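Observations on chain architecture
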Amino acid sequence: MTEASTLVPEAPYPDEPHRTSTGVSNEKLAMWAFLGSECLLFGGFISTYLLVRHRSIDGTKPSDLFDIPFTSVSSFVLLMSSLTMVLAVSAAKRDEQKRVQLWLLTTALLGSVFIAGQIYEFTSFYNEGLGFTTNIFGSAFYTLTGLHGIHVSLGIIMLLTVFALAVKGKIGSENAETIEIVGLYWHFVDVVWIIIFTVVYLID
Amino acid sequence: MTTEAVTQDEAYSDGHEHTSDLTYVKIFVFLVAVTGIEVGLSYTDMPTAIFLILMFVAMAIKFYTVAAHFMHLRLDNPLLKRVFYFGLVLAAAVYIGFLSSMQFFD
């Protein structure tokens, strides 16, 4: 044994380089910890919206603006993207490369449709007289739903990145966890929308 | 066990139970149905307390279904469940306290 090798500590599990003392990979644990912290972030914005939505409203009320059938279709699209995401993870574990690529791309497209719907909704609200600074309801509404939209947009970028890696053949069954971790983020964005759709749109 | 008898749910070797694609589709149909009920309820004229309870129950069912089945929290390592639910419960406690202090529930 050389002097240099005695200075480098040996890996705790040399035969299993990905094994950790917690039993789960550090990347997956980090994503779950991040999602736990995101609960606090979105909780703050949802609470603020609930607190201010019926205060200081000049003319325009939430019930005057919301188009429930349109937003229901948006919710359906996001729910469907969760299905295609979980099918991508499932295909990745079976090492079915073509299906992985198909489902990842479909998920990204459905996410894009959701974002397009949100842009349309924001535009129509603005045209009906509700700007970001019109009243405190407008500020809280655009901040909450806009923050969610930013999360969806980041998720689309992550999906397209993983899709590009899959096309290049860099994602296989041995690193299917990469897709699973992106999927965790995507599903979280969906559960946040489940709350927003009920609390903001359906409960007036 | 014959080769034919090996189902998709058992066809993995990472030590976890797995859900079939058909089950995922059934879960999705269930989620869409609950969403449809929620939207339908929003058009009814029922007492506010009952309406709120029904809406929050439907929302909680959908939240749990996605977290447990699509995010695999039901089958995955319990440590992940604890980490996520710690954040969720902490957020709920903090913001219920915050809203109470602002007389939101009065």
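Here is a short report on the structure shown in this document.

Procedures and definitions
- Residues numbered from 1 in each chain as written.
- Chains lettered and ligands numbered in written order.
- Predicted model: local features only at pLDDT ≥ 70, side-chain atom pairs only at ≥ 80, totals over all residues.
- Heavy atoms only, no water.
- Helix = DSSP H or I, 4+ residues; strand = E, 2+ residues; numbered from the N terminus.
- Buried < 20%, exposed > 50% of the residue type's maximum accessible area, 1.4 Å probe, protein only.
- Contact = heavy atoms within 4.5 Å.
- Areas by Shrake-Rupley, 256 points an atom, 1.4 Å probe, with all protein chains shown as cover.
- Buried area = accessible area lost by both parts, 1.4 Å probe.
- Salt bridge = Lys/Arg side-chain N within 4 Å of Asp/Glu carboxyl O.
- Polar contact = N/O pair within 3.5 Å; in protein donor to acceptor, adjacent residues only side chain to side chain.
- Nonpolar A, V, L, I, M, F, W, Y, C, P; charged D, E, K, R; others polar.
- Axes fitted to C-alpha atoms, helices over the stretch in contact; angles between N-to-C directions.
- Parallel < 35°, antiparallel > 145°, perpendicular 65-115°, else oblique.
- Patch = residues over 30% accessible without salt bridge, like charges linked within 9 Å, V, L, I, M, F, W, Y side chains within 5 Å.
- Phe/Tyr/Trp six-rings, centres within 6.5 Å; stacked < 30°, edge-to-face > 60°.

Focus on the overall build of chain A
A count of helices and strands for chain A gives seven helices and zero strands. When the 204 residues of chain A are sorted by exposure, 52% land in the buried category. Across chain A, contacts joining residues at least 24 apart in sequence account for 80% of those joining residues at least 6 apart. Of the roughly 9400 Å² of accessible surface on chain A, a fraction of 63% belongs to carbon and sulfur atoms.

A closer look at the interface of chain A and chain B
Taken together, the contact between chain A and chain B spans 44 residues of the former and 41 residues of the latter. Summing the contributions of chain A and of chain B, the shared interface buries around 4000 Å²; its carbon and sulfur component is 79%. The salt bridge partner of Asp-21 of chain B is Arg-94 of chain A, with a shortest N-O separation of 3.1 Å. On inspection of chain A and its partner chain B, the count reaches six residue pairs in polar contact (both at pLDDT 80 or more). Looking at the side of chain A that touches chain B, the elements with two or more residues in it are α2 (26-52), α4 (68-93) and α7 (177-202) of chain A. Residues belonging to the side of chain A that touches chain B are distributed by class as follows: 27 nonpolar, 11 polar and six charged.

Points about the packing of α7 of chain A against helix α2 (residues 48-70) of chain B
Where α7 of chain A contacts α2 of chain B, the two axes come as close as 9 Å, and the packing angle between them is 175 degrees. As summarised for this structure, α7 of chain A and α2 of chain B are arranged roughly antiparallel, according to the angle between their axes. On the side of α7 of chain A, the interface is formed by His-187, Asp-190, Val-191, Ile-194, Ile-195, Phe-197, Thr-198, Val-199 and Leu-202 of chain A, while α2 of chain B contributes Phe-51, Met-55, Phe-56, Met-59, Lys-62, Phe-63, Val-66 and Phe-70 of chain B. Broken down by class, the residue content of the contact of α7 of chain A with α2 of chain B amounts to 13 nonpolar, two polar and two charged.

Some details on a nonpolar patch on the surface
Residues and elements named next belong to chain B. A contiguous nonpolar surface patch, about 350 Å² in accessible area, is contributed by Phe-30, Ile-53, Val-57 and Ile-61. Among the elements that take part in the nonpolar patch, α2 stands out by supplying three residues, more than any other. Inspection of the secondary structure puts Val-57 in helix α2.

Some points on the pattern of salt bridges
Evaluated as defined, the whole model comprises seven salt bridges over all chains. Shared partners join several salt bridges into a network, and the residues in it are Lys-28, Lys-93 and Glu-180 of chain A together with Asp-76 of chain B.

Digging into the side chain of Asn-135 of chain A
By the secondary structure assignment, Asn-135 of chain A is in the loop between α5 (97-127) and α6 (136-167). From its side chain, Asn-135 of chain A meets the backbone nitrogen of Phe-137 of chain A in a polar contact 3.2 Å long.

What about unusual backbone geometry?
Positive phi outside glycine occurs at Asp-95 of chain A, with the angle close to 60 degrees. Summarising the element assignment, Asp-95 of chain A is placed in the loop between α4 and α5. One non-glycine residue, His-72 of chain B, adopts positive backbone phi at about 65 degrees. Looking at the element boundaries, His-72 of chain B is found in the loop between α2 and α3 (78-101).

Structural notes on the packing of aromatic side chains
Residue and element names in this part refer to chain A. A complete count under the given rule lists 23 aromatic pairs over all chains for this structure. Both rings, one in Phe-66 and one in Phe-125, keep their centres 6.0 Å apart while their planes meet at 45 degrees; by these two values the pair is tilted. Note that Phe-66 is positioned in the loop between α3 (62-65) and α4 and Phe-125 in helix α5, a separation of 59 residues in sequence. The class for Phe-66 is buried, based on a relative accessible area of 13%. A relative accessible area of 2% places Phe-125 in the buried class. For the ring pair Phe-197 and Tyr-201, a centre distance of 6.4 Å and an interplane angle of 35 degrees mean the geometry is tilted. Note that Phe-197 and Tyr-201 are positioned in helix α7 at a spacing of four residues, about one turn of the helix.

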